[in-house]
Amino acid sequence: MSLIDDKSIFTAMKQNGPFSVTDDFTLGQSFSRQTRRWARQFSGDRLLATKYRVVRAQIFDFLQIEDFSEIPGLLANPAARAQRSERACMLLGNQFGMSGSVSEIRNKIKEYAQTADAVIDLSRGKLLAPYASHLETSNEIETTHDPVNLLLRVFDERFHMKARFEAKRKLVLMNLAGSIDQRERETDIENKFYAFLEFLNQNVWSQQLKIGQLEKVYLRSQHDADSFCCTKVSVISEIDRASLTKLGDDERLTLLKRRVFEDGGRSYPVYVSVRKKDSAAKVLKLLRKNEKNPAVAVDDELGLMAVLDSISDVKRFVRHMTRSAIKSGSLMTLEDISDTLTGGDYPAANAGSSSKTQMLKFFARMGGMRVELIIHTNQSYLNYRFQRDIAHEEYEVKRIFDSGVAEFLFPAEIYNLDMQQIRQTMLDRFRRNIEDSGRLQK
């Protein structure tokens, strides 16, 4: 389901919908030729008409007006805007389950605005970096955090069409950020992340080493010329890396900083990356899923990726995790398991993902938490890094375009960019960077 097709739930953002931002709009002329033409365009879609009325009512309630024609008077009255701003903060505070004074709630809403800005910066900064200057948010919108002022700017004829669209976009993203913040407070995610790290340090990693102690090694790998999949891999030490003077054209070096776990009286190395999704990443995931409810769409707030030397070590690590949970006083159950490390197709349900992806993936439920675990062998991890059509960096590009997020955030009518053409340009760019990485550097 695309974010920009007829099934999109973000009706107010669509540039081919009733709330599209155009240059030729006027307020207070209900029976103009332009208004009648606009009404005929959407009169045949009952659901769309209902959605329009709902959004319009929300705008009127938020601004304390009865008609769009009252907006110019509100724009000209700073005292009335200030009164509505304070009222809006209290309404939003109650909507998102916040408590505290008006100033405390206003600070929280400012955080939502900063998250909205971070979503745009995240998209511009990496996945659309060559086009960053084209996609820069107008200063007047980026520096505005008050939702009433942002909403009024959507309807302020003094502002250019691009700035008015960006004001509307920022409000939509702020609303998603508010839903995510409410969900995080309800699930106590910050404390759970800390508890998960404590669980790993106290029960999973070797107690013979200090917390955070890591061993640096390198994966020396050979890759197929056509697919760039890993055909051979060996682990070399820092000393061996220092004496290495040449790599073949098909070879790459990948640094791993590994921890150690103990099982059956033996020590086993494992590279681990633990993460908690930040708010901007969660907003982007809601958009990719065409969903406004983080409880439904964001099921991987806590995650761990592990890389081990062999399939047998993978099995040993999973068993060690379940035993460690028991030792900590909690049963660990594994849910939604998919395993393609030894063959088979990955159930690729998300836009841009590949059925050829190799990994063991499941959710571990323990200690009041639900943690996503993705486990690789050295070889499957290198495929995750390098293989064509599978590499994670390519996947990041595909999913922002194939889900419709790029066009949703930066529509062609506003930014005059062809996102389908840019998609291929960025895939080519990322592919060159992927294949150039890991070369021997002295």
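Residues numbered from 1 in each chain as written. Predicted model: local features only at pLDDT ≥ 70, side-chain atom pairs only at ≥ 80, totals over all residues. Heavy atoms only, no water.

A.B. asks: What should I look at first to understand the side chain of histidine 376 in this one?
C.D. replies: Looking at the element boundaries, histidine 376 is found in strand S8 (residues 369–377). At 2.9 Å, the side chain of histidine 376 forms a polar contact with the side chain of serine 380. Once you skip the residues sitting within four places of it in the chain, histidine 376 turns out to touch Met305, Ala306, Val307, Leu308, Val314, Leu341, Gln358, Met359, Tyr381 and Tyr384. (Helix = DSSP H or I, 4+ residues; strand = E, 2+ residues; numbered from the N terminus. Polar contact = N/O pair within 3.5 Å; in protein donor to acceptor, adjacent residues only side chain to side chain. Contact = heavy atoms within 4.5 Å.)

A.B. asks: Even after reading the chapter, I still don't get the nonpolar core, so can you show me in this structure?
C.D. replies: Soluble globular proteins tend to bury their nonpolar side chains together. Ranked by size, the top nonpolar core spans 73 residues in total, and within it Ile59, Leu63, Leu287 and Leu409 carry the most contacts. Top contributing element to this core by residue count: helix H8 (residues 161–187), with eleven residues. Sequence-distant contacts of leucine 409, defined by excluding residues within four places in its chain, comprise Val119, Ile120, Ser123, Phe165, Arg169, Leu173, Leu284, Leu287 and Tyr415. Among the nonpolar cores identified, the runner-up in size contains 30 residues, and Leu304, Ala325, Met366 and Met369 belong to it. (Core = buried A, V, L, I, M, F, W, Y, C linked by side-chain atoms within 4.5 Å. Buried < 20%, exposed > 50% of the residue type's maximum accessible area, 1.4 Å probe, protein only.)

A.B. asks: Which parts of the structure should I look at to understand the confidence of the model for the protein?
C.D. replies: Caution applies to low-pLDDT parts of the model: their predicted coordinates are not meant to be read in detail. Averaged over all residues, the pLDDT of the protein equals 89, while 91% of them reach at least 70. Summarising per-element confidence for the protein, the mean pLDDT is lowest in helix H1 (residues 33–42) (62) and highest in strand S1 (residues 215–223) (97). (pLDDT = per-residue confidence, 0-100.)

A.B. asks: Would you mind going over the sheet that holds strand S2 (residues 230–237) with me for this structure?
C.D. replies: In a beta sheet, neighbouring strands pair by backbone hydrogen bonds and run either parallel or antiparallel. Taken together, eight strands build an open sheet; the order of strands is S2-S1-S3-S4-S5-S8-S7-S6 and the sheet is mixed. The outermost strands of the open sheet, each flanked by one partner alone, are S2 and strand S6 (333–339). Averaged over neighbouring strand pairs, the angle between their axes works out to 35° when direction is ignored. Here strand S5 (residues 302–308) runs beside S8; their pairing, made up of seven bridges, is parallel. Across the sheet, residue valine 307 finds its bridge partner in S8, namely histidine 376. (Pairing = 2+ DSSP bridges. Axes fitted to C-alpha atoms, helices over the stretch in contact; angles between N-to-C directions.)

A.B. asks: Just checking my understanding: could you explain the pairing of strand S7 (residues 360–366) for this structure?
C.D. replies: On a regular strand, one side chain projects to one face of the sheet and the next to the other, so that they alternate. In terms of burial, S7 is a largely internal element, six of the seven residues being buried. Strand direction decides the pairing type here: S6 and S7, joined by five bridges, are antiparallel. In the sheet register, leucine 334 faces S7, and the bridge partner there is alanine 364.

A.B. asks: In this structure, what is going on with empty space enclosed by the protein? I would like to understand it.
C.D. replies: If a probe as big as a water molecule is rolled over the atoms, it shows which places are left empty. Under the criterion given, the structure shown has two cavities of 30 Å³ or more. For the largest cavity, the calculated volume is near 40 Å³. Lining the largest cavity are Ala116, Asp117, Ile120, Thr137, Ile141, Glu166, Arg169, Lys170 and Leu173. Mapped onto the lining of the largest cavity, the elements with two or more residues apiece are helix H5 (102–127) and H8. (1 Å grid on protein atoms, 1.4 Å probe; cavity = no way out; pocket = protein on both sides within 12 Å on 5 of 7 lines; lining within 4 Å. Points joined across faces, edges and corners; volume = space filled by probe spheres on them.)

A.B. asks: So what exactly am I meant to see when it comes to helix H2 (residues 46–63) here?
C.D. replies: Because an α-helix completes one turn every 3.6 residues, residues spaced three or four positions apart along the sequence face the same direction. Spanning 18 residues, H2 covers 26 Å between terminal C-alpha atoms, matching the ideal 26 Å at 1.5 Å per step. Note on H2: the residue one or two positions beyond its end, glutamine 64, has a positive phi of about 55°. (Expected span 1.5 Å × (residues − 1).)

A.B. asks: Is there a simple way to think about the pairing of S5 in this case?
C.D. replies: With seven of its seven residues buried, S5 lies for the most part within the structure. On S5, burial covers both faces: Leu302, Leu304, Ala306 and Leu308 on one face and Gly303, Met305 and Val307 on the other are all buried. In terms of strand pairing, strand S4 (residues 266–276) meets S5 through six bridges, oriented antiparallel. When the bridges of S5 are listed, valine 274 appears paired with leucine 304.

A.B. asks: Would you mind showing me how to read the packing of aromatic side chains here?
C.D. replies: Any pair of aromatic rings gets described here by the distance separating the centres and the angle formed by the planes. Counting across every chain of the model gives 13 aromatic pairs. With a centroid separation of 5.5 Å and an interplanar angle of 80°, the aromatic rings of phenylalanine 410 and tyrosine 415 are classed as edge-to-face. Classification of phenylalanine 410 as buried rests on a relative accessible area of 0%. Residue class for tyrosine 415 comes out buried when judged on its relative accessible area of 6%. An aromatic cluster is built from Trp205, Phe261, Tyr268 and Phe317, whose rings are joined through pairwise contacts. Positioned over the ring face of tyrosine 218 is arginine 241, at 5.7 Å from the centre of the ring. For the cation-ring pair, lysine 292 lies above phenylalanine 10, with the distance from its terminal atom to the ring centre recorded as 5.2 Å. (Phe/Tyr/Trp six-rings, centres within 6.5 Å; stacked < 30°, edge-to-face > 60°. Lys NZ or Arg CZ within 6 Å of the ring centre and 35° of its normal.)

A.B. asks: Which parts of the structure should I look at to understand the side chain of glutamate 184?
C.D. replies: Following the sequence through the fold, glutamate 184 ends up in helix H8. Judged by relative accessible area, which is 14%, glutamate 184 ranks as buried. With near-sequence residues (within four places) excluded, glutamate 184 lies in contact with Ile189, Lys276, Ser279, Lys282 and Glu301.

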